[in-house]
Amino acid sequence: MGQEGMGYSSGKAAGGGAGALPMSAARARGASPLSSHHRSRKISRTFNNIKITVLCGLVTILVLRGTIGLNLSLPSHPSDADALAGAKAVEDIDRILREIRTDSDPADTDLDAATANPINATALSASEAAAAYAAAVGSYALGPKIHDWDEQRRRWLAQNRGFPATAPGGKPRILLVTGSQPGPCDNALGDHYLLKTTKNKIDYCRLHGIEIVHNLAHLDTELAGYWAKLPLLRRLMLSHPEVEWIWWMDSDALFTDMAFELPLARYDDRNLIIHGYQDLLFDKHSWIALNTGSFLFRNTQWSLDLLDAWAPMGPKGFIREEAGKILTAYLKGRPAFEADDQSALIYLLLSQKDKWMDKVFIENSYYLHGFWAGLVDKYEEMMENHHPGLGDERWPFVTHFVGCKPCGSYGDYPVERCLKSMERAFNFADNQVLRLYGFGHKGLESPKIKRIRSQTTRPINDKENLDVKAKMSNT
């Protein structure tokens, strides 16, 4: 459901991250010249760190004495004197930490604002937490506010005719964006299936003249997990003014109708195309009314504005935890966990309907997102009765493995079931590509292939007469 984001290990776990949030806007980065003043501070800071280490060691000894009995001559349970001594040591550490913070360099304090000034949500009343949340949200931004992107982009396109916003054939230029975590998966099979899902996306893009970006970098450490896509989408919009549509797709989603093409003419006056259902959104306020695992943004000022309005619920720590409470209270059926990008978008579109909805197209005439559990066991029936190019329940355009998380160490479904189903989905799609060259898989659960069409002595003529949709078909 779009919650795996870029594969950055962020399941639907209750509770948020432990990181704290700076309460000020982003600061300019720079280094001060070295001086004797800075060296003396450095030495002072080193001694303070030594004092902290020694005191922490003392507290550890006191705790061990009180729990397992460090000295065999001591009782196994702490005495009142031990407890008082331990409390006194903790107070001493707190005092020294306060002294270090007040004696630290201003630049260091600003740099470490996230840890020096945490927001303790449990110590705040409901009204104080609401005020702190509003202030924190107001301080966060994806980047400098841009007001005239449409005009900037129009001028750039006029000055750079070699980078038109249309692809060969007059179609709007599309950039498909996906990604995965920077490091390896928790298991080798996860990396293997991540490679297969990436290969699947490359195949579809190659067949339809779409450019593709696979990202591995965290562009904003505050927006990790589900939220990692937002700063990436904004940066790609601004860096590629020649692209008309930015298309996000989760790493655990596969194209399973390789012949289907987006009906872009249907969206001439819309800027956001997303799979969902109007009744679930407006009548039931359901938290699964839309799916952010596969959606398209037009490269416009409107889209930048929506990203700016969407992102402030995403910074990890206090903001994300408090926002999660708001979303759970507002959206029907939502479990209690930290804010996710999908719930936040639904909340935004509902709470500011007049501002955004006239440019949003909620698509369900084909499967821009298709939930895997109801599809993968029907592929043989689809192959027998239907053909590629339909995109709907007869031959789903996208199969999305929500809840599987093959790259992680846990998921909502058994690993064996997920991997077997992903193998079937990949081979179902791969067959459509291999048929262009006269081959096919021996079965949907087998990586082995077989020849299904005889070779020809006139390949150029065959290519000139090639109907891609027909060749992808089983007939």
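Residues numbered from 1 in each chain as written. Predicted model: local features only at pLDDT ≥ 70, side-chain atom pairs only at ≥ 80, totals over all residues. Heavy atoms only, no water.

> What's the story with the packing of aromatic side chains in this structure? I'm lost.
Any pair of aromatic rings gets described here by the distance separating the centres and the angle formed by the planes. In this structure the tally under the stated criterion is 23 aromatic pairs. Relative to F361, the ring of Y267 has its centre 4.9 Å away and its plane inclined at 70 degrees; by these criteria the two rings are edge-to-face. Of this pair, Y267 sits in the loop between β4 (253-255) and β5 (272-276) while F361 sits in strand β7 (residues 360-363); the two residues are 94 residues apart in sequence, bridging distant segments of the chain. For the residue pair Y267 and F361, the accessibility class agrees, reading buried in each case. Put simply, the rings of Y204, W247, F255, F260, Y366 and F397 touch in pairs and so form one group of aromatic residues. For R334, the ring lying beneath its charged end belongs to F337, and the centroid distance is 4.0 Å. Taking NZ or CZ as reference, K353 lies 4.3 Å from the ring centre of F282, over its face. (Phe/Tyr/Trp six-rings, centres within 6.5 Å; stacked < 30°, edge-to-face > 60°. Helix = DSSP H or I, 4+ residues; strand = E, 2+ residues; numbered from the N terminus. Buried < 20%, exposed > 50% of the residue type's maximum accessible area, 1.4 Å probe, protein only. Lys NZ or Arg CZ within 6 Å of the ring centre and 35° of its normal.)

> I would appreciate a short explanation of the sheet that holds strand β1 (residues 174-179) in the present structure.
Strand pairs in the sheet, formed through backbone hydrogen bonds, run parallel or antiparallel to each other. Taken together, the 6 strands give an open sheet; going across it, the order is β2-β1-β3-β6-β5-β7, and neighbouring strands pair in mixed fashion. Only two strands of the sheet have a single neighbouring strand rather than two, namely β2 (211-215) and β7. Direction aside, the axes of adjacent strands within the sheet are offset by 25 degrees on average. Where β5 meets β7, 4 bridges bridge the pair, whose relative direction is parallel. In the strand pairing of β7, I274 is matched with I362. Along the sheet face, helix α10 (residues 301-310) touches β5, β6 (290-298) and β7 and points at about 145 degrees away from the line of β6. Its contacts with the sheet put helix α12 (residues 341-351) on β5, β6 and β7, and the angle it makes with β6 is roughly 65 degrees. (Pairing = 2+ DSSP bridges. Axes fitted to C-alpha atoms, helices over the stretch in contact; angles between N-to-C directions. Contact = heavy atoms within 4.5 Å.)

> Is there a simple way to explain the state of the cysteines in this structure?
When the sulfur atoms of two cysteines share a covalent bond, that bond is a disulfide. Taken as a whole, this structure holds 2 disulfides when the rule is applied. Covalent S-S linkage joins C185 and C407, the inter-sulfur distance amounting to 1.9 Å. Taking the torsion about the sulfur-sulfur bond, which here is approximately -95 degrees, the covalent link between C185 and C407 counts as left-handed. Of this pair, C185 sits in the loop between β1 and α7 (188-208) while C407 sits in the loop between β8 (398-400) and α15 (415-434), and the two are 222 residues apart along the sequence. Exposure class is identical for C185 and C407. Each is buried. (Disulfide = S-S within 2.5 Å.)

> Could you clarify how one ought to interpret the packing of α7 against α15 in this entry?
Between two packed helices, what matters for the description is the angle formed by their axes and the separation of those axes. The geometry of α7 relative to α15 is characterised by a closest axis approach of 11 Å and an angle of 25 degrees between their N-to-C directions. The pairing of α7 with α15 is recorded here as roughly parallel in orientation. The two elements α7 and α15 meet at a crossing, and its hand is left-handed. Contact residues: L189, Y193, K196, T197, K199, N200, D203, R206 and L207 in α7; L419, M422, E423, F426, A429, D430 and V433 in α15. Grouping the constituent residues of the contact of α7 with α15 by class yields 8 nonpolar, 2 polar and 6 charged. (Parallel < 35°, antiparallel > 145°, perpendicular 65-115°, else oblique. Left-handed = near helix turned anticlockwise from the far one by under 90°. Nonpolar A, V, L, I, M, F, W, Y, C, P; charged D, E, K, R; others polar.)

> In this structure, what is going on with α7? I would like to understand it.
Residues three or four positions apart in an α-helix share a direction because the helix packs 3.6 residues into each turn. Taking 1.5 Å as the rise per residue, α7 with 21 residues should run 30 Å; its terminal C-alpha atoms sit 31 Å apart, in good agreement. For α7, every residue scored as buried is listed here: G190, Y193, L194, K196, T197, T198, N200, K201, D203, Y204, C205 and H208. Trailing α7 by a residue or two, G209 shows a phi angle of about 65 degrees, which is positive. (Expected span 1.5 Å × (residues − 1).)

> When you look at the confidence of the model for the protein chain in this model, what are you seeing that I'm missing?
It should be kept in mind that the predicted coordinates are not to be read in detail where pLDDT is low. Chain-level statistics for the protein chain give a pLDDT mean of 79 and a share of 69% at 70 or above. Between residues 1-6, whose pLDDT stays under 50, and residues either more than four places distant or in other chains, the model counts 50 contacts. In this model, residues 8-38 is a region of pLDDT below 50 whose contacts with residues beyond four sequence positions or in other chains number 64 contacts. (pLDDT = per-residue confidence, 0-100.)

> Is there a simple way to think about α12 in this case?
Burial runs high along α12: 9 of the 11 residues are buried. Every buried residue belonging to α12 is among D341, Q342, S343, A344, L345, I346, L348, L349 and L350, and all of these are buried. Its side-chain oxygen placed 3.2 Å from the backbone nitrogen of Q342, D340 serves as the N-cap of α12. (Polar contact = N/O pair within 3.5 Å; in protein donor to acceptor, adjacent residues only side chain to side chain.)

> How do you make sense of the side chain of T292 when you look at a structure like this?
As for its position among the elements, T292 is in strand β6. Within polar-contact distance, the side chain of T292 engages the side chain of D341 at 2.9 Å.

> Can you help me understand the environment of R424 in this one?
Topologically, R424 is positioned in helix α15. Look at R424 and you get buried, because its relative accessible area is 6%. In contact with R424, not counting residues within four places along its chain, are V376, D377, Y379, E380, L444 and E445. Polar side-chain contacts of R424 include one of 2.6 Å to the side chain of E380.

> So what exactly am I meant to see when it comes to the side chain of E363 here?
Its location among the elements puts E363 in strand β7. For E363, the side chain forms a polar contact with the side chain of Y267, separated by 2.5 Å. The residues touching E363, leaving out its near neighbours within four places in the chain, are R266, Y267, I273, I274, H275 and G276.

> Explain the pattern of salt bridges to me, please; I cannot follow it from the model alone.
Two side chains of opposite charge can pair, provided their charged atoms sit close to one another. With the rule as written, the count across this model stands at 23 salt bridges. Put simply, K145 and D305 hold a salt bridge, and the shortest N to O gap is 3.0 Å. With a gap of 160 residues between them, K145 in the loop between α5 (126-139) and α6 (149-159) and D305 in helix α10 connect regions that are remote in the sequence. Residue classification places K145 among the partly exposed positions, given a relative accessible area of 45%. Close ionic contact of E380 with R424 constitutes a salt bridge, the shortest N to O distance being 2.6 Å. (Salt bridge = Lys/Arg side-chain N within 4 Å of Asp/Glu carboxyl O.)

> Looking at this model, I keep getting lost on the pairing of β2. Mind explaining?
When a strand is regular, its side chains alternate between the sheet's two faces. Note that β1 and β2 share 5 bridges and pair parallel. Within β2, the residue paired with G179 across the bridge is N215. Where the polypeptide runs from β1 across α7 and back to β2, its parallel neighbour, the crossover connection is right-handed. (Right-handed = clockwise from strand over helix to strand, strands pointing away.)

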